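As a plain string of letters, each chain reads:
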Amino acid sequence: MTKTPIELLRNSAPAARPVIALSEGSDPRVVAGALAAHNSGLTDIILVGPEDEVSSALAAEGISVGGGIEIHDPATSELTEMFAAEFLALRKHKGVDEVKARAAAETPLIYAAMLVRIGHATGTVGGAVHTTGDVVRSAIQVIGMAPDAGMISSFFLMYPPDDAPDNARAMLYSDCGLVIDPSASELANIAETSAASARSLLQVEPKIAMLSFSTKGSARHKAVDKVIEATNTIRAKRPDLEVDGELQFDAAFVPTVGERKSPGSSVAGQANVMIFPNLDAGNIAYKITQRLGGYAAIGPVMQGLAKPANDLSRGCSADDVTQIIAVTVLQAQTAQ
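Right, let's walk through the structure included here. Quantities reported herein were computed from a predicted structural model and do not represent experimental measurements.

This paragraph deals with the overall build of the protein chain. The number of helices and strands found in the protein chain is 13 helices and 11 strands. Since a compact globule built from 336 residues should have a radius of gyration of about 20 Å, the 21 Å found for the protein chain is in line with a globular shape. Structurally, the protein chain occupies a C-alpha span of about 65 × 50 × 35 Å along its principal axes. Surface accessibility of the protein chain: about 14,600 Å² in total, with carbon and sulfur atoms responsible for 52%. Distance between charge centroids for the protein chain: 7 Å, based on 27 positive and 38 negative side chains.

Given below as structure tokens:
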């Protein structure tokens, strides 16, 4: 069975403990999840937020600062002035002045992202309170895209339940949380980036299914044409990757169906990277897989950034926070 991010980290703990900045440091779920990651030896933590509120949240867990647990209050931190100057330099061309830069630096999302930008933190996690749009915007503005990324997208890691059949497998679903209606070239980019994420986080050789409501010409529509074009694009760019499309989900997932609908394919019936044609399909699919199939869903995880920054669902649990912290640490290790 594929190991979860926490299990992978426990088997290969880094020599120097990474530091993860939590931008919603007073939220009880974030505090509990971050402390679980810290107590498991996965990471040190910085809880960002008003000091009195964060201290109260820690006290409720019977914990105080020290020993790899820090509180950073952007309103009083000695780093805020430097972060304001850095944000001004980054965003002056967008009309940001000194007053706006100072105000931005005092917001927890920007402050936490700045900790990552300057190397004070390994990665950052937010989204338990803020929207995905706010989290992504802060990450792009401060951390920026990786030089070869082209775009920012997201994915979920899907892990089968303990009582799943022996042939069940962990999968990566993309994009389920960010890019609403990708073009064919964007879909190919998402597939390529997701392949690298699957290799590093699931530690499997990616088998990529470009999903559609059609398999190999069983239906004709411009939406199908987009998936076919995306499949051809990634095959031309990355002939080393195993990619097949267009495929319906059953053809991608079930070996007998895959052999019948796409005979001879090395991907059909065996896919572990599922690329959805739009956000409607991806978001609905991961929730159905989670709620009806009993799969654990970790994400949304962002890919394409220069340094790790990840989003949480506003309905997240403390365990979700711990899991996404582990993913963030693994992303940082892979990028080194």
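That shown, we press on.
Turning to unusual backbone geometry, a few remarks are in order. The amide bond that connects Gly-245 to the next residue, Glu-246, takes the cis arrangement and shows omega of -5°. Its location among the elements puts Glu-246 in strand β8 (residues 242-247). The omega angle of the peptide bond from Gly-299 to Pro-300 is 5°, so this bond is cis rather than trans. Within the secondary structure, Pro-300 is located in strand β10 (residues 296-303). Residue Lys-216 is not a glycine yet carries a positive backbone phi of 50°. Summarising the element assignment, Lys-216 is placed in the loop between β7 (207-211) and α9 (222-237).

When two helices pack together, you describe them by how their axes are tilted relative to each other and by the distance separating the axes. Viewed as axis vectors pointing N to C, helix α4 (residues 80-91) and helix α5 (residues 98-105) meet at an angle of 125°, and their least axial separation amounts to 8 Å. The orientation of α4 with respect to α5, classified from their angle, is oblique. As α4 packs across α5, the resulting crossing turns out to be right-handed. Residue-level contacts link Thr-80, Glu-81, Phe-83, Ala-84, Phe-87 and Leu-88 of α4 to Glu-98, Ala-101, Arg-102, Ala-104 and Ala-105 of α5. The residue inventory of the contact of α4 with α5, partitioned by class, reads seven nonpolar, one polar and three charged.

Okay, the nonpolar core next. Counting residues in each nonpolar core, the largest one holds 56 residues, and the members touching the most others are Leu-22, Leu-157, Ile-208 and Met-210. In terms of nonpolar packing, the next biggest core, distinct from the first, is built from 31 residues, Ala-84, Leu-115, Val-136 and Ala-309 among them.

Attention shifts here to the layout of surface pockets. Looking at the largest pocket, its volume works out to about 730 Å³. Along the walls of the largest pocket sit 37 residues, with Phe-156, Gln-290, Ala-297, Gly-299 and Asp-320 positioned nearest its centre. Listed by contribution, the elements that provide at least two residues to the lining of the largest pocket are β5 (153-159), α12 (279-291), β10 and α13 (318-335). Here the residues of the lining of the largest pocket sort into 14 nonpolar, 14 polar and nine charged.

Now for the pairing of strand β6 (residues 171-174). Burial along β6 is two-sided: the face carrying Met-171 and Tyr-173 and the face carrying Leu-172 and Ser-174 are both buried. In this structure, β5 lies alongside β6, joined through four bridges in antiparallel fashion. Note that in β6 the partner of Phe-156 across the bridge is Tyr-173. Pairing between β6 and strand β9 (residues 273-275): three bridges, direction parallel. The residue bridging Ser-174 from the neighbouring strand is Ile-275, located in β9.

Conventions adopted
- Residues numbered from 1 in each chain as written.
- Predicted model: local features only at pLDDT ≥ 70, side-chain atom pairs only at ≥ 80, totals over all residues.
- Heavy atoms only, no water.
- Helix = DSSP H or I, 4+ residues; strand = E, 2+ residues; numbered from the N terminus.
- Rg over C-alpha atoms; globule rule 2.2 N^0.38 Å.
- Areas by Shrake-Rupley, 256 points an atom, 1.4 Å probe, with all protein chains shown as cover.
- Lys, Arg positive; Asp, Glu negative; His and termini not counted.
- Charge placed at Lys NZ, Arg CZ, Asp CG, Glu CD.
- Axes fitted to C-alpha atoms, helices over the stretch in contact; angles between N-to-C directions.
- Parallel < 35°, antiparallel > 145°, perpendicular 65-115°, else oblique.
- Left-handed = near helix turned anticlockwise from the far one by under 90°.
- Contact = heavy atoms within 4.5 Å.
- Nonpolar A, V, L, I, M, F, W, Y, C, P; charged D, E, K, R; others polar.
- Core = buried A, V, L, I, M, F, W, Y, C linked by side-chain atoms within 4.5 Å.
- Buried < 20%, exposed > 50% of the residue type's maximum accessible area, 1.4 Å probe, protein only.
- 1 Å grid on protein atoms, 1.4 Å probe; cavity = no way out; pocket = protein on both sides within 12 Å on 5 of 7 lines; lining within 4 Å.
- Points joined across faces, edges and corners; volume = space filled by probe spheres on them.
- Pairing = 2+ DSSP bridges.

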